[in-house]
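So the chains spell out like this:
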Amino acid sequence: MKNISVNDALENLSKSKFRSRFHLREKEKQYVYEKGFDVIKSHTDDFINQRLSPSVIPNDGKQTPMKGHPTFIAQHATACCCRGCLFKWYGIEQNKELNDKEKEFISSVIMAWIKNEMIK
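This structure is a prediction, so every number in the text was calculated from the model and none was measured. (Residues numbered from 1 in each chain as written. Predicted model: local features only at pLDDT ≥ 70, side-chain atom pairs only at ≥ 80, totals over all residues. Heavy atoms only, no water.)

1. With respect to the pattern of salt bridges
Taken as a whole and assessed by the stated rule, the structure comprises 6 salt bridges. The shortest N-O distance in the salt bridge between Glu-11 and Lys-15 comes to 3.9 Å. In this structure Glu-11 comes out as partly exposed when scored by relative accessible area, which is 42%. We classify Lys-15 as exposed; its relative accessible area is 62%. The partner of Glu-28 in a salt bridge is Arg-25, with the nearest N and O atoms 2.7 Å apart. When salt bridges with common partners are traced through the structure, they connect Lys-41, Asp-45 and Glu-104 into a single cluster. (Salt bridge = Lys/Arg side-chain N within 4 Å of Asp/Glu carboxyl O. Buried < 20%, exposed > 50% of the residue type's maximum accessible area, 1.4 Å probe, protein only.)

2. Quick word on helix H2 (residues 26-35)
All buried positions along H2 are accounted for by Glu-28, Lys-29 and Val-32. Take H2 and look down its axis: the buried residues cluster within an arc of 100°, on one side only. Of the exposed residues in H2, those oriented more than 90 degrees away from the buried face are Glu-26, Lys-27, Tyr-33 and Glu-34. Note on H2: the residue one or two positions beyond its end, Gly-36, has a positive phi of about 90°. (Helix = DSSP H or I, 4+ residues; strand = E, 2+ residues; numbered from the N terminus. Arc of directions from axis to C-beta.)

3. What about the packing of aromatic side chains?
Inspection of every chain in the model, using the stated rule, returns 3 aromatic pairs. Plain terms: the ring middles of Phe-18 and Phe-22 are 5.3 Å apart, the flat faces sit at 85° to each other, and that makes the pair edge-to-face. The class for Phe-22 is buried, based on a relative accessible area of 9%. (Phe/Tyr/Trp six-rings, centres within 6.5 Å; stacked < 30°, edge-to-face > 60°.)

Rendered as structure tokens:
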């Protein structure tokens, strides 16, 4: 994994035409308000463990929906949607199970993006 801070990651992503087009809509913002950040963080961690962490993901590149949950949108905005994007943007090796440090970094990037979106 590259040695990069969450803030640097968000700055780099903001320069991507594709990544910067993702935003939370009012519906997703309302969901975050209703559930609270702790619940959203728990959902995020669950999605990472189920959809990104395994060493082999049969549908890699297609496992993250484009809508339906604030975390899904954030995953696309932060390039944490599949193992290919994680490798390209963060240098996280493919075909190996994510370690705790990698999972926590991914979760931190996603949650920071969501928090930034909530104040827009």
